[in-house]
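# Summary of structural features
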Amino acid sequence: ATIAVQIKENLMWIVYPNVDFADNDLNVWAQRYNYSLKRISIPITFTHLSLTGNQDKLKARVQFGFTRKLEFGYVSPFLDKKQTWRLSSEFLLSDDKEARFLTIGDRDSFLRNEDQRLFNRVRLGTGAIFRPDLFDTHELQLRYLNFSIQPEVAEANPNFFLDGKRRQQFFAIRYQFTSDRRNYNLYPTKGYFLRLSAEKEGLGIWNDRNAFILSGLAMKYFSILPKWSAVTSLEGETNLVRTQSAY
């Protein structure tokens, strides 16, 4: 006898474009910049949920326009038979023709140069992920960050990177705990979601950055009626290092 099994997989690649605005809200874009299309970025995201067929997720993004970005993230297959350990890696390259260099009267002031990019960012990261059960995840990540600006930005605001510096680079280490006990990921009707993180920016190598940031997010879901549900959330963040930071 022959048994035929037909398996229908999810889409191999998920590709979707988007629109990002440089301003905080549409009112600022309309009133201050008259709906200028130069302040729009177009990101295109490529996602694969199982690149090698082992639940390893790949996410890449290319962005054009106001802010250019090249971004990459990858989570490896499980490394052990119990399926508890994984590795992660990330890369980001980004630049802007415009730099927000000062805040006056609750309004941001910008410098713009059509001939060169005023603000550049590079981020590299790697980490380990430990999932002891289906609900809880621990992640430890080490990142390297490098930011640079053109001389005109440092002249306009010497405190952009403090002391008139044109470059800021530092290592950061972050621990994050996530507990996801919702009944559904997309449209949960009961359960809770909890995420806590602690990150130390600046490990004493270049002394360009010194911060210790604690953050948390808690969400509780309730089922009200058969087709109605509600959610309450609480989120906070604080920096325990109270010395002057770069702009």
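Residues numbered from 1 in each chain as written. Predicted model: local features only at pLDDT ≥ 70, side-chain atom pairs only at ≥ 80, totals over all residues. Heavy atoms only, no water.

### Side note on the packing of aromatic side chains
Our working definition: Between rings of Phe, Tyr and Trp, where Trp is taken as its six-membered ring, a pair exists when centres lie within 6.5 Å; planes separated by under 30 degrees are stacked, by over 60 edge-to-face, and by other angles tilted. Helix and strand definitions here come from DSSP, where helices need a minimum of 4 consecutive H or I residues and strands a minimum of 2 consecutive E residues; each element is numbered from the N-terminal end. Only protein chains enter the accessibility calculation, which uses a 1.4 Å probe; a residue whose area is less than 20% of its type maximum is buried, one above 50% is exposed, and one in between is partly exposed. The rule for a charge over a ring is simple: NZ of Lys or CZ of Arg within 6 Å of the ring centre, and within 35 degrees of the ring normal.
Applying the stated criterion across every chain yields a total of eleven aromatic pairs. Note on F119 and F161: the rings are 6.5 Å apart at their centroids and 55° apart in plane angle, and the pair reads as tilted. Of this pair, F119 sits in strand β9 (residues 119-130) while F161 sits in the loop between α2 (151-156) and β11 (167-180); the two residues are 42 residues apart in sequence, bridging distant segments of the chain. For the pair F119 and F161, a shared accessibility class is recorded, and that class is buried. Following the ring pairs from residue to residue traces out a cluster consisting of F119, F147, F160, F161 and F170. The positively charged end of R86 is found above the aromatic ring belonging to F78, 4.3 Å away from the centroid.

### Looking at the nonpolar core
Put simply, the rule is: Here, nonpolar core means buried Ala, Val, Leu, Ile, Met, Phe, Trp, Tyr and Cys residues that are tied together by side-chain atoms lying within 4.5 Å of each other. Only heavy atoms enter the contact rule, under which two residues are in contact if any of them lie within 4.5 Å.
Formed by 13 residues in total, the largest nonpolar core has its most connected members in F119, F147, I149, V153, F160 and F161. Contributions of two or more residues to this core are made by β7 (98-104), β10 (136-149), α2 and β11. In terms of residues, this core owes the most to one element, β10, which gives three residues. Aside from chain neighbours lying at most four places away, what touches V153 is A99, F101, L111, L118 and F160.

### Details of unusual backbone geometry
Positive phi is not limited to glycine here, since D163 has a value of about 60°. Topologically, D163 is positioned in the loop between α2 and β11. Given a relative accessible area of 72%, D163 falls into the exposed group. Unusually for a residue other than glycine, N207 sits at a positive phi of about 60°.

### Notes on the side chain of T47
With respect to the secondary-structure elements, T47 resides in strand β3 (residues 40-48). For T47, a relative accessible area of 9% translates into the label buried. When near neighbours in sequence (up to four residues on either side) are disregarded, T47 contacts M12, W13, I14, Y16, K57, L58 and K59.

### Regarding a nonpolar patch on the surface
Heads up, the rule is: Each patch is built from residues lacking any salt bridge and having more than 30% relative accessible area; the joining distance is 9 Å for like charges and 5 Å for nonpolar side chains (Val, Leu, Ile, Met, Phe, Trp, Tyr). For accessible areas, the Shrake-Rupley method is used with a probe of radius 1.4 Å. Any residue's cover is judged against the shown protein chains and nothing else. Put simply, a salt bridge is a Lys or Arg side-chain nitrogen that is within 4 Å of an Asp or Glu carboxyl oxygen.
On the surface, L140, L142, I173, Y175, L203, I205 and W206 cluster together into a nonpolar patch covering about 610 Å² of accessible area. Looking at the nonpolar patch, the elements with two or more residues in it are β10 and β11. Mapped onto the elements, Y175 comes out in strand β11.

### Re the environment of A60
Inspection of the secondary structure puts A60 in strand β4 (residues 57-65). Through-space distance from the C-alpha of A60 to that of F72 is 4.4 Å; in sequence the pair is twelve residues apart. The residues contacting A60, other than those within four sequence positions of it, are I44, T45, F46, E71 and F72.

### Examining the pattern of salt bridges
Scanning all chains against the criterion turns up 13 salt bridges. In this structure, D95 engages R117 in a salt bridge whose closest nitrogen and oxygen atoms are separated by 3.6 Å. Residue D95 is located in strand β6 (residues 85-96), and its partner R117 is located in the loop between β8 (107-112) and β9; the two are separated by 22 residues in the primary sequence. Per residue, the accessibility class of D95 equals that of R117, and both read buried. Linked through salt bridges whose partners overlap, the residues forming this network are E71, E90, R123, R143 and E199.

### Thoughts on the pairing of β11
Put simply, side chains in a regular strand alternate between the two faces of the sheet. The criterion, for reference: At least two DSSP bridges between two strands are required for those strands to pair.
One ladder, built from 13 bridges, connects β10 with β11; its direction is antiparallel. Directly across from E139, in β11, lies its bridge partner Q176.

### Side note on the pairing of strand β5 (residues 67-75)
Pairing between β4 and β5: seven bridges, direction antiparallel. Opposite K59, over in β5, you have G73 as the bridge partner. Between β4 and β5, which pair antiparallel and follow one another directly, the connecting turn spans one residue. Examined bridge by bridge, β5 and β6 share nine bridges and lie antiparallel to one another. Looking at β6, one finds that V75 is bridged to S88.

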